[in-house]
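Survey of secondary and tertiary structure
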Protein chains: 2
Amino acid sequence: MPAKPPFAKQRVFQSTKINCGINYGYFIFIIVKHTEGLEWAIHSCSILAALPPETALPTRLLAAFFELPEAYLAKQLQKLSGAGLVETRRGPKGGYALAKSPADITLLALVNAIDGSERHFHCSELRQCGPTAVSDKQYPRPCGIARSMWKAEAAWRAELKNTTLKDIQVIGYSETPPEQAQKALNWFKEKLAQS
Amino acid sequence: MPAKPPFAKQRVFQSTKINCGINYGYFIFIIVKHTEGLEWAIHSCSILAALPPETALPTRLLAAFFELPEAYLAKQLQKLSGAGLVETRRGPKGGYALAKSPADITLLALVNAIDGSERHFHCSELRQCGPTAVSDKQYPRPCGIARSMWKAEAAWRAELKNTTLKDIQVIGYSETPPEQAQKALNWFKEKLAQS
């Protein structure tokens, strides 16, 4: 008997054959979506990219700026920090700052940091299940269905890798209403002066 | 006050501003993944594509063939039927059959039928939240962050649209172990003769 997988208690169905049915039920309620934390993280990084490099922002200010729950935003920023995309600065003017130039932070790195880098399509080797499966050795390549799904994911990742925070910044500079840009700058100046 | 959204009871956070914070908490536990039903649906369609066109398969046989829970597989087949990708044939030799030629069934159509066609990246217009937001009219285009994420999704969809069940079938014909192909054909013949 192989060791129980860590998610065994979440399984709602188990096949009698060990390579089959092992994950069934586990992903049933998971839908194709990004976490909202990703949206928050990209927006937070955009703000960090727009401020002078010597500025660090505490989570509290970012949360207030976007009207977000601070505790949950903190988790996203910790994930970005763990991935080396932002750094924490200590002291009275401490907080988060970008750890790299915006041109070196891709959307793919942000997605991987927040939502993980696992493939979206999970192959449970269905072709090796059921009454007509044959020896493992007769399946030298991954299933063609999985490969086709993964090819599409590769196109998605390539596009994300090709877009940087700098590109987002360029759009932001040209499209943010000037009135808002000025209000935001003043708001951060005032709040940072108080801290 | 606007009407409560249907998922109101699932919200864990609500901003004081109506356009902001409205969905917060709703997607927190949703991760970027396909449902496993998608894998089952594509494999089921591949089997239907491989059998003679006059053959219809009851859910029971498809479930037994892949060792899947019949009730949950039935839901996936109903979704495919609702999307016009498979059709139900009645009578003693009844069951599911493809409603179109394999060359006319794209992976995108299968994904949309099972997992839905909604965008993966949800934009909650964060730029219009918080103390520095300005009038709605000053944001004529969708947010640049959302547009960048959607561009990557478009690349993913384009690739899925470019791959058909016929392509999957060609891979299957060349890579399925001959021993399994023969066993599978015999298994279906035998089971269909009994029904």
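Now for a quick tour of the structure. Every value quoted in this text rests on a predicted model; they were computed, and no experiment measured them.

Details of the interface of chain A and chain B
Chain A puts 77 residues into the contact, and the matching count from chain B is 77 residues. Together, the buried faces of chain A and chain B total about 7,000 Å²; carbon and sulfur atoms form 63% of this surface. The tally of links from chain A across to chain B stands at six salt bridges. Close ionic contact of B:E175 with A:R147 constitutes a salt bridge, the shortest N to O distance being 2.8 Å. Here chain A and chain B share 18 residue pairs in polar contact (both at pLDDT 80 or more) between them. Those elements that provide at least two residues to the side of chain A that touches chain B are α1 (36–50), α2 (59–66), α4 (107–115), α5 (144–161), α6 (165–175) and α7 (178–194) of chain A. When residues in the side of chain A that touches chain B are grouped by element, the largest group, 12 residues, is from α5(A). When its residues are assigned to classes, the side of chain A that touches chain B shows 41 nonpolar, 18 polar and 18 charged.

Structural notes on the packing of aromatic side chains
For the structure on display, the rule yields 10 aromatic pairs over all chains. Relative to A:Y72, the ring of A:W40 lies with its centre 5.0 Å away and its plane at 85°, an arrangement referred to as edge-to-face. With A:W40 in helix α1 and A:Y72 in helix α3 (residues 70–82), this pair connects stretches of sequence that are 32 residues apart. Geometrically, the ring pair formed by B:F65 and B:F66 is edge-to-face, given 5.0 Å between the ring centres and 80° between the ring planes. Taken together through their ring pairs, the aromatic side chains of A:F65, A:F66, A:W187 and A:F188 make up a single cluster. Between A:R119 and the ring centre of A:W150, over which it is positioned, the NZ or CZ distance is 3.6 Å.

Some thoughts on the pattern of salt bridges
Side-chain pairing between opposite charges can occur once the charged atoms of the two side chains come close. Within this structure, the stated rule accounts for 12 salt bridges over all chains. Between B:E175 and A:R141 there is a salt bridge, with the nearest N and O atoms lying 3.3 Å from each other. Remark: A:R141 occurs in the loop between α4 and α5 and B:E175 occurs in helix α6 (residues 165–175); the pair is interchain, linking two chains. For B:E175, a relative accessible area of 25% puts it in the partly exposed group. Take A:R141: its relative accessible area is 46%, and that puts it in the partly exposed class. Among the charged side chains, a salt-bridge network with shared partners connects A:R141, A:R147 and B:E175.

As for the packing of helix α1 (residues 36–50) of chain B against helix α4 (residues 107–115) of chain B
All names here are of chain B. Axis separation between α1 and α4 bottoms out at 9 Å; the angle between their running directions is 135°. By the angle between their axes, α1 is oblique relative to α4. Remark: the crossing between α1 and α4 carries right-handed chirality. Residue-level contacts link G37, L38, A41, I42 and C45 of α1 to L107, L110, V111, I114 and D115 of α4. Its residues assigned to classes, the contact of α1 with α4 shows eight nonpolar, one polar and one charged.

Overview of the pairing of strand β1 (residues 86–89) of chain B
Residues and elements named next belong to chain B. With four bridges connecting them, β1 and strand β2 (residues 95–98) associate as antiparallel partners. Bridged to R89 within β2 is G95. Hairpin connection from β1 to β2: five residues lie between these consecutive antiparallel strands, with G91 at a positive phi of about 100°.

What to know about α1(A)
Here α1(A) is 15 residues long and its end C-alpha atoms lie 22 Å apart, about the 21 Å a rise of 1.5 Å per residue gives. Among the 15 residues in α1(A), 14 count as buried, and that is most of the element.

A look at the relation of the copies chain A and chain B
Superposition record for chain A on chain B: RMSD 0.0 Å, screw rotation 180°, translation along axis 0.0 Å. These values place the two chain copies in the arrangement generated by a two-fold rotation axis. A high fraction, 100%, of the interface residues of chain A reappear at the interface in chain B, so the copies pair face to face through one surface.

A look at the nonpolar core
One finds A:L57, A:L80, A:L110, B:L57, B:L80 and B:L110 to be the most contacted residues of the largest nonpolar core, which totals 98 residues. Sequence-distant contacts of A:L57, that is, excluding residues within four places in its chain, are made with A:I47, A:L48, A:L51, A:L62, A:G94, A:G95, A:Y96, A:F188 and A:L192.

The rules we used
Residues numbered from 1 in each chain as written. Chains lettered and ligands numbered in written order. Predicted model: local features only at pLDDT ≥ 70, side-chain atom pairs only at ≥ 80, totals over all residues. Heavy atoms only, no water. Contact = heavy atoms within 4.5 Å. Buried area = accessible area lost by both parts, 1.4 Å probe. Salt bridge = Lys/Arg side-chain N within 4 Å of Asp/Glu carboxyl O. Polar contact = N/O pair within 3.5 Å; in protein donor to acceptor, adjacent residues only side chain to side chain. Helix = DSSP H or I, 4+ residues; strand = E, 2+ residues; numbered from the N terminus. Nonpolar A, V, L, I, M, F, W, Y, C, P; charged D, E, K, R; others polar. Phe/Tyr/Trp six-rings, centres within 6.5 Å; stacked < 30°, edge-to-face > 60°. Lys NZ or Arg CZ within 6 Å of the ring centre and 35° of its normal. Buried < 20%, exposed > 50% of the residue type's maximum accessible area, 1.4 Å probe, protein only. Axes fitted to C-alpha atoms, helices over the stretch in contact; angles between N-to-C directions. Parallel < 35°, antiparallel > 145°, perpendicular 65-115°, else oblique. Left-handed = near helix turned anticlockwise from the far one by under 90°. Pairing = 2+ DSSP bridges. Expected span 1.5 Å × (residues − 1). Least-squares fit on C-alpha atoms with pLDDT ≥ 70 in both. Core = buried A, V, L, I, M, F, W, Y, C linked by side-chain atoms within 4.5 Å.

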